[in-house]
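Below, each chain spelled out in residue letters.
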Amino acid sequence: MQGKICVVTGASRGVGKGIALALGAQGATVYVTGRSLDAATETGLGGTLRQTAAEITARGGQGIAVHCDHADDASIARLFAQVARERGRLDILVNNAIALPAGLAEAAPFWQKPLDELSLIDVGLRSGYVAAWHAAPLLIANRGLLAFTSSFGGTCYMHGPAYGAGKAGTDKMAHDMAHDFKPHGVTVVSLWLGLVKTERTEQVCGAEPDKYGTAYQVAESPEFPGRVISALYNDPERQTRSGSIQVVAELAKHYGITDLDGRRPPSYRKALGNPPAFSTAVVE
């Protein structure tokens, strides 16, 4: 990844931070975005963009922290204008930023949860579209990779209808963007992650060890998807996967990638279902 320019959204903690660190460890310059520039915005979770950027640099890459409120289109526009001005190129965009309400994992019907569950549509589905729109010229110039982080919640019931709609929408959006990008050689994929050992997951699983203990033991590290994204980018045949949903654990097996501890986390396809098969029909 030496000389490659990446943007990872939502990277002050969790999956985004892990992906950014994995790319940076291979020599990439990584712009990391979010609202937590110098101080954490979520109580009990910690993590700031400056910390992520500093760790990327310490690992051999170059980390650049950029404050970006992904609920604000103008803030997203400024982000990519900065990348264009400072680097003039973009090789990888990872759309990972999402607003996850505090009570998302509570077992309750949707009408008993606050309406702010819908925030993950705005910062998640919509913000991913806006970021891709602004990044398109840079990605086209370098025949880059656009990756969305998603999950099995796109097809199975997971955390309720707002979360499911957000993930299903992300999967379909990636498929359709791939159609538009195809003449320009840009690869677009939606990546289904398994259970990931993030700060938030630790809170939830730690509170109910009897319920989540076994699954948490084999969960993916936050850096695992970043290793897979790097391998996918460097695959000369990556364009054959464009427009598809890819299970991170299965891609890792294909590329011979292990997690930080040498394990290969499992795919949950058998338990949670297959990715949908989108129609090949095109209506312009």
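Values in this document were obtained by computation on a predicted structure and should not be read as measured data.

Novice: I'd like a rundown of the pattern of salt bridges, residues and numbers included.
Specialist: Under the criterion given, the structure shown has 8 salt bridges. Between Arg59 and Glu223 there is a salt bridge; the shortest N-O distance is 2.9 Å. Of the two residues, Arg59 is situated in the loop between α2 (49-58) and β3 (62-67) and Glu223 in the loop between α7 (209-217) and α8 (224-233); the sequence distance between them amounts to 164 residues. For Glu223, a relative accessible area of 11% translates into the label buried.

Novice: Quick rundown of the environment of Pro225? Include the residues and the values.
Specialist: Among the secondary structure elements, Pro225 is positioned in helix α8. The buried category is assigned to Pro225, whose relative accessible area is 1%.

Novice: Pulling in residues and values, what's your account of the pairing of strand β2 (residues 29-34)?
Specialist: Taking burial as the measure, the 6 residues of β2 include 6 buried ones, the bulk of the element. Along β2, one buried face is formed by Thr29, Tyr31 and Thr33 and the opposite face, lined by Val30, Val32 and Gly34, is buried too. Pairing between strand β1 (residues 5-8) and β2: 4 bridges, direction parallel. Bridged to Val7 within β2 is Tyr31. Taken together, β1, helix α1 (residues 14-25) and β2 constitute a β-α-β crossover, and its handedness is right-handed.

Novice: Explain the sheet that holds strand β5 (residues 145-151) to me, using residue names and the numbers behind them.
Specialist: Read across the sheet, 7 strands follow the order β3-β2-β1-β4-β5-β6-β7 without closing on themselves; strand pairing throughout is parallel. At either margin of the open sheet sits one strand with a lone partner, and together these are β3 and β7 (244-247). Adjacent strand axes in the sheet meet at a mean angle of 20 degrees, parallel and antiparallel pairs treated alike. Summarising the sheet, strand β6 (residues 187-193) and β7 pair through 4 bridges and their orientation is parallel. By the bridge assignment, Trp192 is partnered in β7 with Val247. Set on the sheet, helix α5 (residues 161-181) makes contact with β5, β6 and β7; between it and β5 the angle comes to about 160 degrees. Where helix α9 (residues 248-255) meets the sheet, its contacts fall on β6 and β7, and the angle it forms with β7 comes to roughly 75 degrees.

Novice: Describe unusual backbone geometry, and please don't skip the residues or the numbers.
Specialist: The phi dihedral of Arg143 falls on the positive side, at around 45 degrees, and the residue is not glycine. Examined against the element boundaries, Arg143 turns out to sit in the loop between α4 (119-141) and β5. Positive phi is not limited to glycine here, since His159 has a value of about 65 degrees. Among the secondary structure elements, His159 is positioned in the loop between β5 and α5. The class of His159 is partly exposed, set by a relative accessible area of 31%.

Novice: So what's going on with the nonpolar core? Residues and values would help.
Specialist: It is characteristic of soluble globular proteins that their nonpolar side chains tend to be buried jointly. Within the largest apolar cluster, 34 residues are counted, with the highest numbers of intra-cluster contacts made by Val8, Leu23, Val30, Val32, Ile92, Leu191 and Ile229. A per-element tally of this core places α8 first, with 6 residues. Look past the residues within four positions of Val32 in its chain and what remains in contact with it is Val8, Ala11, Ala20, Leu49, Thr52, Ala53, Ile56, Ile64, Ala65 and Val66. Grouped together as the second largest cluster of nonpolar side chains are 28 residues, Val7, Ala132, Ala135 and Phe148 included.

Parameters and conventions
Residues numbered from 1 in each chain as written. Predicted model: local features only at pLDDT ≥ 70, side-chain atom pairs only at ≥ 80, totals over all residues. Heavy atoms only, no water. Salt bridge = Lys/Arg side-chain N within 4 Å of Asp/Glu carboxyl O. Helix = DSSP H or I, 4+ residues; strand = E, 2+ residues; numbered from the N terminus. Buried < 20%, exposed > 50% of the residue type's maximum accessible area, 1.4 Å probe, protein only. Pairing = 2+ DSSP bridges. Right-handed = clockwise from strand over helix to strand, strands pointing away. Axes fitted to C-alpha atoms, helices over the stretch in contact; angles between N-to-C directions. Contact = heavy atoms within 4.5 Å. Core = buried A, V, L, I, M, F, W, Y, C linked by side-chain atoms within 4.5 Å.

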